[in-house]
Amino acid sequence: MKILFIGGTGIISTASAELAVARGLDLTILNRGKRAAAPGVRQIVADINDPKAVATALGGTSWDVVVDFISFSPAELEQRIALFKGRVGQFIFISSASVYQKPGAHWLITESTPLANPFWDYSRDKIACEERLTRALREENFPAVIVRPSFTYGNNCVPLTLNSWPKTFTAVDRMRRGKPVIIPGDGLTLWTMTHNSDFAKALIGLLGHQSAIGHAFHITSDEVLTWNQIYSAVAEAAGVPLRAIHISSDFIAACVPEAVGSLTGDKANCAIFDTTKIKRFVPDFVATTRFRDGIKRTINWFDADPRRQEIDEEANVKWDKLIAAYERGLAAARKEFGQA
Ligand SMILES: NC(=O)c1ccc[n+]([C@@H]2O[C@H](COP(=O)([O-])OP(=O)(O)OC[C@H]3O[C@@H](n4cnc5c(N)ncnc54)[C@H](OP(=O)(O)O)[C@@H]3O)[C@@H](O)[C@H]2O)c1
């Protein structure tokens, strides 16, 4: 099989590229070349959103499978459809499990859970992409498959509810400096965390799977943890006791409106997935990395080279301000109730 990944060096796609190579697949990745490609991977350097550069880079090549890791809007997707129509046997679009109904009407998420997220434009755009692909399949026989990852981490990502997205070591650095980290709500919301090496096993199993065309799958582990457990595992891996402060999501959203999408539209909800469907299509798929073990590997990776430990000072300032506001409010409330 001749396979093209658009992406290939990101949090999710790196592990998938490594596994594809380990399984002897003929893989090419296309990206802007900002990060090193996995050994043994053929790389094309181009910006996918620059149609001329991409047309030149790809020429008239046809692919058995294209996996698009980086379409975020219908306009971007439209360009991918135009680029690959008639030249691809299977087109896998990496969507997001945040597309599922928020708040959920049922605790268990299956692929038939309604797609509706009024809180996060990122998710609404992914839904619009999925709808466009469904239409492309129906009307133009475009061989689309939809894959929805939930929170997926690897070496270079510390996955938490309130953390800097580009500089995820920031929360670990806070923990190590004895500063509190914020856990939304009571920290009892149930969540599913997936290691990128586990995600890769299911994705690679779908490559070239003709019966998968037209279907949507989420790919997640089966390990369900509370956010308190997740934060505790991160602190344990960082070698420090957890100092957490619980603040309601409503309070956080009122003070930091930009957190609403990722919080109210995602991580403040329970995320428990029925993984029956992906296992039916990829029978050897089983997620084997427990969060407690995976996150140790992540922290070890950051510790191995201090240059990787980038800190988001702006986020730190915001969190300190939020904690101070919350503590002032709490102190005032205690006083009013005679509990001071
Ligand atoms: N990680 C998660 O928890 C999660 C959860 C749900 C859904 N997803 C979805 O999974 C997909 C991948 O996420 P990720 O976290 O792995 O992303 P990521 O770490 O940001 O990686 C993005 C990849 O795409 C390449 N890229 C970015 N812009 C490009 C451009 N204009 N042209 C060509 N290549 C480009 C990057 O390399 P260069 O920078 O060198 O170009 C890199 O290889 C996204 O669609 C995301 O919505 C992720």
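Whatever comes next refers back to the structure up there.
Each value, and the rule that gives it
Along every chain, residues carry numbers that run from 1 in the direction the sequence is written. Since the coordinates come from a predicted model, pLDDT governs what is reported: local features require at least 70, and pairs of side-chain atoms require 80 or more to be given and counted, while whole-chain, interface and lining totals use all residues. No hydrogens and no water enter the side-chain calculation; it runs on all heavy atoms of the structure. Here a strand is any run of E in DSSP of at least two residues, a helix any run of H or I of at least four, and the numbering for each starts at the N terminus. For the radius of gyration, the atoms used are the C-alpha atoms, and the globule rule reads 2.2 Å times the number of residues raised to 0.38. Calculation of accessible area relied on Shrake-Rupley with a 1.4 Å probe; when residues are assessed, cover is drawn exclusively from the protein chains displayed. Here, nonpolar core refers to any group of buried Ala, Val, Leu, Ile, Met, Phe, Trp, Tyr and Cys residues whose side-chain atoms link them within 4.5 Å. Think of it in three bands: with a 1.4 Å probe and only protein chains considered, a residue is buried below 20% of the maximum accessible area for its type, exposed above 50%, and partly exposed in between. In what follows, a contact means two residues having at least one pair of non-hydrogen atoms within 4.5 Å. By convention in these notes, a residue is near a molecule or strand provided one of its non-hydrogen atoms lies within 4 Å of it. N or O atoms within 3.5 Å of each other form a polar contact, as long as, within protein, one can give a hydrogen and the other can take it, and as long as residues adjacent in sequence are counted only when both atoms are side-chain atoms. All amino acids are sorted into three groups, where Ala, Val, Leu, Ile, Met, Phe, Trp, Tyr, Cys and Pro are nonpolar, Asp, Glu, Lys and Arg are charged, and the leftover types, Gly among them, are polar. Each Phe, Tyr or Trp ring, with Trp reduced to its six-membered ring, pairs with another whose centre is within 6.5 Å; inter-plane angles below 30 degrees give stacked pairs, above 60 give edge-to-face pairs, and intermediate values give tilted ones. Criterion for a charge above a ring: Lys NZ or Arg CZ within 6 Å of the ring centre, and within 35 degrees of the ring normal. When DSSP finds two or more bridges between two strands, those strands count as paired. All axes are obtained by fitting lines to C-alpha atoms, using only the stretch in contact for helices, and the reported angles, taken between N-to-C directions, cover 0 to 180 degrees. A pairing counts as a salt bridge when a side-chain nitrogen of Lys or Arg comes within 4 Å of a carboxyl oxygen of Asp or Glu. If an angle is under 35 degrees, it is roughly parallel; if it is over 145, roughly antiparallel; if it lies from 65 to 115, roughly perpendicular; otherwise it is oblique.

Asks: Please set out the overall build of the chain residue by residue, giving values where relevant.
Replies: For the chain, the count of helices and strands is twelve helices and 15 strands. A compact globule built from 340 residues should have a C-alpha radius of gyration of about 20 Å, and the chain, at 21 Å, falls within 12% of that. Its C-alpha atoms put the chain at 75 × 45 × 40 Å along the principal axes. Within the structure as shown, the chain displays about 15300 Å² of accessible surface, and the carbon and sulfur contribution to it stands at 52%.

Asks: Residue-level account of the nonpolar core, with values.
Replies: One finds Leu162, Ile182 and Phe291 to be the most contacted residues of the largest nonpolar core, which totals 43 residues. Here this core takes eight residues from helix α7 (residues 227-238), the largest share from any one element. Contact partners of leucine 162, with chain neighbours within four places excluded, come to Ile182, Tyr231, Ile252, Ala259, Leu263, Trp319 and Leu322. Core analysis: the next-biggest nonpolar cluster, separate from the first, contains 32 residues, Leu27, Val41, Ala202 and Ile204 among them.

Asks: Hey, could you go over the site of the ligand for me, with residue numbers and the actual values?
Replies: Near the ligand, the surroundings consist of 29 residues, among which Thr9, Ile12, Lys34, Phe69 and Tyr122 are the closest. Here glycine 10 contributes a backbone N or O atom positioned 3.3 Å from an oxygen atom of the ligand. Within the backbone of arginine 32, a nitrogen or oxygen atom sits 2.8 Å from an oxygen atom of the ligand. Secondary structure elements with two or more residues in the shell around the ligand: α1 (11-22), β2 (26-31) and α4 (121-140). Tallying contributions element by element places α1 first for the shell around the ligand, with three residues. Residues of the shell around the ligand, tallied by class, amount to twelve nonpolar, twelve polar and five charged.

Asks: Give a description of the packing of aromatic side chains that names residues and reports values.
Replies: Counted under the stated rule, the structure contains 14 aromatic pairs. Considering the side-chain rings of phenylalanine 169 and phenylalanine 302, the 5.1 Å spacing of their centres and the 40° angle between planes classify their relative orientation as tilted. Here phenylalanine 302 lies in helix α11 (residues 291-303) and phenylalanine 169 lies in helix α5 (residues 169-176), a separation of 133 residues in the sequence. The buried category is assigned to phenylalanine 169, whose relative accessible area is 3%. Geometrically, the ring pair formed by phenylalanine 251 and tyrosine 326 is edge-to-face, given 5.5 Å between the ring centres and 90° between the ring planes. You can see phenylalanine 251 sitting in helix α8 (residues 249-255) and its partner tyrosine 326 sitting in helix α12 (residues 313-336), a full 75 residues away along the chain. A cation sits over an aromatic face here: lysine 277 above phenylalanine 217, 4.9 Å from the ring centre.

Asks: How would you sum up the sheet that holds β2? Please name residues and give values.
Replies: Sheet architecture is open: seven strands sit in the order β3-β2-β1-β4-β5-β7-β12, paired in parallel fashion. Two strands close off the open sheet at either side, each with one partner strand: β3 (42-45) and β12 (216-219). Within this sheet the neighbouring strands show an average axis-to-axis angle of 20°, counted without direction. Note that strand β7 (residues 144-149) and β12 share four bridges and pair parallel. Paired with isoleucine 146 across the two strands is alanine 216, which belongs to β12.

Asks: Summarise the pairing of strand β14 (residues 244-247); cite the residues concerned and give the values.
Replies: Looking along a regular strand, one sees side chains alternate from face to face of the sheet. Here β14 shows a clear split, with Ile245 and Ile247 buried on one side and none of Ala244 and His246 buried on the other. The pairing of strand β9 (residues 181-184) with β14 spans four bridges and is parallel. Across the sheet, isoleucine 183 pairs through a bridge with histidine 246, a residue of β14.

Asks: Please provide a residue-by-residue account of the pattern of salt bridges, values included.
Replies: One pass over the full model with this rule turns up 17 salt bridges. Among the salt bridges present, the one from aspartate 303 reaches arginine 176, with a minimum N-O distance of 2.9 Å. Pair noted here: aspartate 303 is in helix α11 and arginine 176 is in helix α5, with a separation of 127 residues, a long-range link. On the accessibility criterion, arginine 176 (34% relative accessible area) is partly exposed. Residue aspartate 266 is joined to lysine 267 by a salt bridge in which the shortest nitrogen-to-oxygen separation is 3.1 Å. Residue classification places lysine 267 among the buried residues on the basis of a relative accessible area of 8%. Each of the salt bridges in this network shares a partner with another, and the network as a whole consists of Glu78, Lys85, Arg132 and Glu140.

Asks: Run through the packing of α5 against α11, naming residues and quoting values.
Replies: Where α5 meets α11, the closest approach of the two axes is 12 Å, and the angle between their N-to-C directions is 85°. When the axes of α5 and α11 are compared, the pair comes out roughly perpendicular. For the pair α5 and α11, contact is made by Phe169, Val172 and Arg176 and by Ile299, Phe302 and Asp303, respectively. When its residues are assigned to classes, the contact of α5 with α11 shows four nonpolar, no polar and two charged.

Asks: Explain the side chain of serine 164 residue by residue, including any values.
Replies: Summarising the element assignment, serine 164 is placed in the loop between β8 (152-153) and α5. Among the polar contacts listed, one links the side chain of serine 164 to the backbone nitrogen of lysine 167, at a separation of 3.1 Å. A polar side-chain atom of serine 164 sits 2.8 Å from a polar atom in the side chain of aspartate 312. When sequence neighbours within four positions are dropped, the list of residues in contact with serine 164 reads Thr170, Asp312, Ala315 and Trp319.

Keep in mind these numbers describe shape, not what the thing actually does.
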